[in-house]
Amino acid sequence: MARLSRLFRPRSVAVIGGGAWCAAVIEQTQKMGFDGQIWPVHPRAATVGGYTAFPSVNALPGSPDAVFIGVNRHATIDVVAQLARINAGGAVCFASGFSEASAEDAAAQDLQAQLVRAAGNMPILGPNCYGFINALDGALLWPDQHGCAPVDRGVALLTQSSNIAINLTMQQRGLPIAYTVTCGNMAQTSQAQIAMALLDDTRVTAIGLHIEGFGNLHDWEALAAKAHARGVPLVALKVGASEQAQRATISHTASLAGSDAGANALLARLGIARLRSLPDLLETLKLLHVQGALTGSKIASISCSGGEASLIADMAVDMRISFPALTDTQSHDLRAALGPMVALSNPLDYNTYIWRDTDAMARAWSAITGPGIDMTLSIIDYPATDAKDWVCATDAALAVRTQTDRPFGVVASLPELMPKDTAKQLMAGGVVPFCGLGEALAAIEAASHRAVPHALPLCLPAELSIDTHTLSEAEAKAALNAHGVDVPRNVTASADQAHLTAQDLTPPFAIKGVGLAHKTDADAVRLNVSLDGVVQATAQVGTAVVLIEEMIDGPVAELLVGVTRDDAHGLILTLGAGGVLTELLRDTVSLLLPVTKDDVTHALNALACAPLLHGYRGKPGTHMPSVINAVMAVQSYALAQADTLSEIEINPLLCTPTRAVAVDALIEKADPK
């Protein structure tokens, strides 16, 4: 854990300040059984939390490993400087009023910069954060209640929100939590850097991240690479999909949230599964702790109710989860275990014929597992009144895991109907105790689609000024064509010379007005114009200068290819259904640059319109190498112009059986700041 090891695994802690918060830090330290030194610091109080107080940092008997600073924001800066001078191991800065308050206090950002300068090389968490809990070693700096208990191994939780951290520690799902760390404003030490430090502790089985903003993306690339090398899964709950959440994020931690498409693309590139709720996050971590990452998402479900069998099948619709048909071996073994009265299928309703017969239940449940099943679920809701008659289900599940050595889970359809003690018993035997059907499915989906982090480093250009300028369509096409984008033959001409100039091209033509921001809205586009119709079409367009292009024959599909700058995530490449249906269909995939041809191929095949590209219902397909080359050519231009590029949009890219042609293009540029 290198730089953060003294802070997270201290033998001595100091608590600076008085009042309820600082007293609570000492109380929680005692409750966790911390057996190191505890040194309160207060200039006037004789004792804090029952311990003799030292009047100042300089009066401490030694250099503390971990320090909780519970004084106001201005005093915090002075204390941090003093701690850095005596070589303290690290500090938690509890005070608020730093960068998160910039909108209300013009001096707040400068205070945060002062804090970082004062810390120097000494690690600090925050400001505006609660601190950390190390349940493996019984060490913590935490000014409130929490639900952690000592564990030998478990998952780590990292969040920018201290309140969410408290709530997560209070979970009653049997999940062993090894570390809980709050990041606050991340003035100096980022969430990714903290996670990298925790990866050095071999007792950490998986890491869950509640993310408001990413910060330095190269830190995240390093984290993803290290986690993959160590075999420790990362999963994330990234907020900021809505405008309201983005506003709240900025006001809370001053994080640059960026676009949600950018966040999705970044997490996918890093190989970090994204969850959408706190329960989903916890259940995924539970699965990863017990079983590790899954090799796929083919599942089998068995229950003693047809209603539950139908419910789980319906809930998996539109998820990357499947229920494979039973093999001959599974059917044979199930028939032997259940007899002739049960209709065999997956999901399976085995009725209640074998209930209370633990051995028979285990045989039936074992029969539906197999090499083609990545996770088997037995749906069991333990009654809150008297669950003694359900002990057979727990014992059967444990027997199946022992006998088959296959991933197995018991899932309560209602989260509250999985008792905490039963969950712990199942986990001890290698069975995943899922709380909630939806949560179980989300966890399986996340744990089975972990990608290898992308090998290419992200392109992260500098910020641009707000003043932008747009290239003309002809200029944009010429610039893209220089990097390999196929464009129609075209000429730009004054209105009175249009007919003469057009004679160098092959009709039919597209004639477009030049100098208009939205040509279609201005009715300044004419298509399928013959040579004889150029004069009339030019007059109808109504601009002094027109662009005349050769029309493209035989398009099979129309695509959107765009690159946008996202200051939080880099350059975002968007591929999707193009033409007039772009906004209606909203069929898009986003990637971060740079990409490979394989990335582009995979993204195109993920589109709903992909069947058109490959030939639909006997119709010819597109020339996919040309489509892919067009996208790579757009990337070539974007990377070459990264320091000044604001946006590229080709819409549509007309895809034919022989070529892919950009028939409309926009490029917006700006100067660096």
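Moving on, we come to the overall build of the chain. Along the backbone of the chain there are 23 helices and 30 strands. The dimensions of the chain, computed from C-alpha atoms along their principal axes, are 95 × 80 × 35 Å. Accessible surface, the chain as shown: approximately 27,700 Å² in total, 52% of it carbon and sulfur. Considering the chain, the positive charge centre built from 44 side chains and the negative charge centre built from 64 side chains are found 6 Å apart.

For the rest of this paragraph, the subject is the sheet that holds strand β23 (residues 525-529). Read across the sheet, four strands follow the order β21-β24-β22-β23 without closing on themselves; strand pairing throughout is antiparallel. Either end of the sheet is taken by a strand with one partner, and the two such strands are β21 (490-494) and β23. With direction set aside, neighbouring strand axes in the sheet form an average angle of 20°. Across five bridges, the pairing between strand β22 (residues 509-513) and strand β24 (residues 545-550) is antiparallel. Bridge pairing in β24 places Lys512 opposite Leu547. The strands that helix α17 (residues 473-481) touches are β21, β22 and β24; relative to β24, the one it contacts most, it runs at about 40°.

Scanning all chains against the criterion turns up eleven aromatic pairs. Between Phe94 and Tyr130 the ring centres are 5.9 Å apart and the planes differ by 50°, which places this aromatic pair in the tilted class. With Phe94 in the loop between β6 (91-93) and α4 (108-119) and Tyr130 in the loop between β7 (124-125) and β8 (132-134), this pair connects stretches of sequence that are 36 residues apart. Assessed through its relative accessible area of 18%, Phe94 is described here as buried. Residue classification places Tyr130 among the buried residues on the basis of a relative accessible area of 13%.

Moving on to the confidence of the model for the chain. On average, residues of the chain score 92 in pLDDT, and 97% of them are at 70 or above. Under a pLDDT of 50 for its full length, residues 244-257 has, in the predicted model, 38 contacts with residues more than four places off or in other chains.

Relative orientation of the contacting elements helix α21 (residues 597-605) and helix α23 (residues 624-640) amounts to 115°, with a least axis distance of 10 Å. Classified by chirality, the crossing of α23 by α21 is right-handed. Between α21 and α23, the residues in contact are Lys597, Val600, Thr601 and Leu604 and Met624, Val627, Ile628, Asn629, Val631 and Met632, respectively. When its residues are assigned to classes, the contact of α21 with α23 shows seven nonpolar, two polar and one charged.

Before going further, it helps to spend a moment on the nonpolar core. Core analysis: the biggest nonpolar cluster contains 105 residues, and Phe8 and Ile207 have the highest contact counts within it. Ala476, Leu559, Leu593 and Leu613 belong to the second-largest nonpolar core, a separate cluster that totals 44 residues.

Relative to the assigned elements, Arg73 resides in helix α3 (residues 73-85). Sequence separation between Arg73 and Lys286 is 213 residues; the distance between their C-alpha atoms is 38 Å. Setting aside its immediate chain neighbours within four residues, Arg73 contacts Ala95, Ser96, Gly97, Phe98, Asp105, Ala108 and Leu111. A polar atom in the side chain of Arg73 sits 2.5 Å from the backbone oxygen of Gly97.

On to helix α13 (residues 358-368). Most of α13 sits out of view: eight of its eleven residues are buried. Residues of α13 that are buried: Ala360, Met361, Ala362, Ala364, Trp365, Ser366, Ala367 and Ile368.

Right, let's talk about the sheet that holds strand β10 (residues 154-159) for a bit. Strand order across the open sheet formed by seven strands is β9-β8-β11-β10-β12-β13-β14, with mixed pairing between neighbours. Only two strands of the sheet have a single partner each, and these edge strands are β9 (139-141) and β14 (273-275). When strand polarity is set aside, the average angle formed by the axes of neighbouring strands in this sheet is 20°. When strand β13 (residues 234-238) meets β14, the two strands line up parallel, connected through three bridges. In the sheet register, Leu237 faces β14, and the bridge partner there is Leu275. Lying on the sheet, helix α10 (residues 278-290) is in contact with β10, β12 (204-211), β13 and β14; it crosses β13 at an angle near 180°.

This brings us to unusual backbone geometry. The omega torsion across Gly126 and Pro127 is 5°, close enough to zero to call that bond cis. With respect to the secondary-structure elements, Pro127 resides in the loop between β7 and β8. Following Asn651, the chain continues into Pro652 via a peptide bond in cis, with omega recorded as 10°. Tracing the backbone through its elements, the reader meets Pro652 in strand β28 (residues 645-655). One non-glycine residue, Asn128, lies in the positive phi region at around 65°. Following the sequence through the fold, Asn128 ends up in the loop between β7 and β8. One non-glycine residue, Arg617, lies in the positive phi region at around 50°. Locating Arg617 in the fold gives a position in the loop between α22 (610-614) and α23.

What follows deals with the pattern of salt bridges. Taken as a whole and assessed by the stated rule, the structure comprises 22 salt bridges. Residues Lys31 and Glu27 are paired through a salt bridge, measuring 3.1 Å at the closest nitrogen-oxygen approach. Linking Lys31 with Glu27, this pair stays in helix α2 (residues 19-31), spanning four residues, or about one helical turn. In this structure Lys31 comes out as exposed when scored by relative accessible area, which is 59%. Residue Asp389 is joined to Arg356 by a salt bridge in which the shortest nitrogen-to-oxygen separation is 2.9 Å. Residue Asp389 is located in the loop between β17 (375-379) and α14 (391-404), and its partner Arg356 is located in the loop between β16 (348-349) and α13; the two are separated by 33 residues in the primary sequence. Three or more residues joined by partner-sharing salt bridges are found here, namely Arg9, Asp137, Asp201 and Arg203.

Turning our eyes to something else, we now look at the side chain of Thr76. Relative to the helices and strands, Thr76 resides in helix α3. With a relative accessible area of 0%, Thr76 lands in the buried category. Here Asn72 takes part through its backbone oxygen, which lies 2.8 Å from a polar atom of the side chain of Thr76. Leaving out residues up to four positions away in the same chain, Thr76 has contacts with Ile69, Val71, Cys93, Ala95 and Leu115.

In this section: the environment of Ala557. Structurally, Ala557 can be placed in strand β25 (residues 557-566). Separated by 471 residues in sequence, Ala557 and Ile86 have C-alpha atoms that sit 68 Å apart. Not counting chain neighbours up to four residues away, the residues in contact with Ala557 comprise Leu612, Leu613, Thr622, Leu653, Leu654 and Cys655.

Where helix α12 (residues 328-338) contacts α13, the two axes come as close as 8 Å, and the packing angle between them is 170°. Considering the angle they form, α12 stands roughly antiparallel to α13. Contact with α12, carried on its side by Gln330, Asp333, Leu334, Ala337 and Leu338, involves Arg363, Ala364, Ala367 and Ile368 of α13 and no other residues of that element. When the residues that make up the contact of α12 with α13 are grouped by side-chain class, the tally is six nonpolar, one polar and two charged.

Calculation notes
Here the residue index of a chain counts from 1 through its sequence in written order. Under the rules for a predicted model, residues below a pLDDT of 70 receive no local features and side-chain atom pairs below 80 are neither given nor counted, while totals for whole chains, interfaces and linings still include all residues. With hydrogens and water stripped out, all remaining heavy atoms of the structure feed into the side-chain values. Counting from the N terminus, the helices are DSSP H or I runs at least four residues long and the strands are E runs at least two residues long. Surface exposure here means Shrake-Rupley accessible area, sampled with a 1.4 Å probe, where a residue is shielded only by the protein chains that are shown. Note on charges: Lys and Arg go in the positive column, Asp and Glu in the negative column, and His and the chain ends are not counted at all. For this purpose, a charge sits on NZ of Lys, CZ of Arg, CG of Asp or CD of Glu. A strand pair is defined by DSSP finding two or more bridges across the two strands. Every axis in this analysis is a line fitted to C-alpha atoms, fitted for helices over the stretch in contact. Angles between the N-to-C directions lie between 0 and 180 degrees. In what follows, residue pairs with any heavy atoms lying within 4.5 Å of each other are defined as contacts. In this scheme Phe, Tyr and Trp rings, the latter by its six-membered ring, pair at centre separations within 6.5 Å, and the angle between planes marks the pair as stacked below 30 degrees, edge-to-face above 60, and tilted otherwise. Buried, partly exposed and exposed residues are distinguished by accessible area as a fraction of the type maximum, computed with a 1.4 Å probe on protein chains only: under 20%, between the cut-offs, and over 50%, respectively. A score from 0 to 100, pLDDT tells how confident the predictor is in each residue. Note on convention: near helix rotated counterclockwise from far helix by under a right angle means a left-handed crossing. Clockwise means right-handed. Any residue outside Ala, Val, Leu, Ile, Met, Phe, Trp, Tyr, Cys, Pro, Asp, Glu, Lys and Arg is labelled polar, Gly included; the first ten of those are nonpolar and the last four are charged. Put simply, a nonpolar core is a bunch of buried Ala, Val, Leu, Ile, Met, Phe, Trp, Tyr and Cys residues held in one set by side-chain atoms that sit within 4.5 Å of each other. Any pair of N or O atoms that falls within 3.5 Å is considered a polar contact. Within protein, one atom must be able to donate a hydrogen and the other to accept it, and sequence-neighbouring residues count only if both atoms are side-chain atoms. Every case where a carboxyl oxygen of Asp or Glu lies within 4 Å of a side-chain nitrogen of Lys or Arg is listed as a salt bridge. By the definition adopted for this analysis, an angle is roughly parallel if under 35 degrees, roughly antiparallel if over 145, roughly perpendicular if from 65 to 115, and oblique otherwise.

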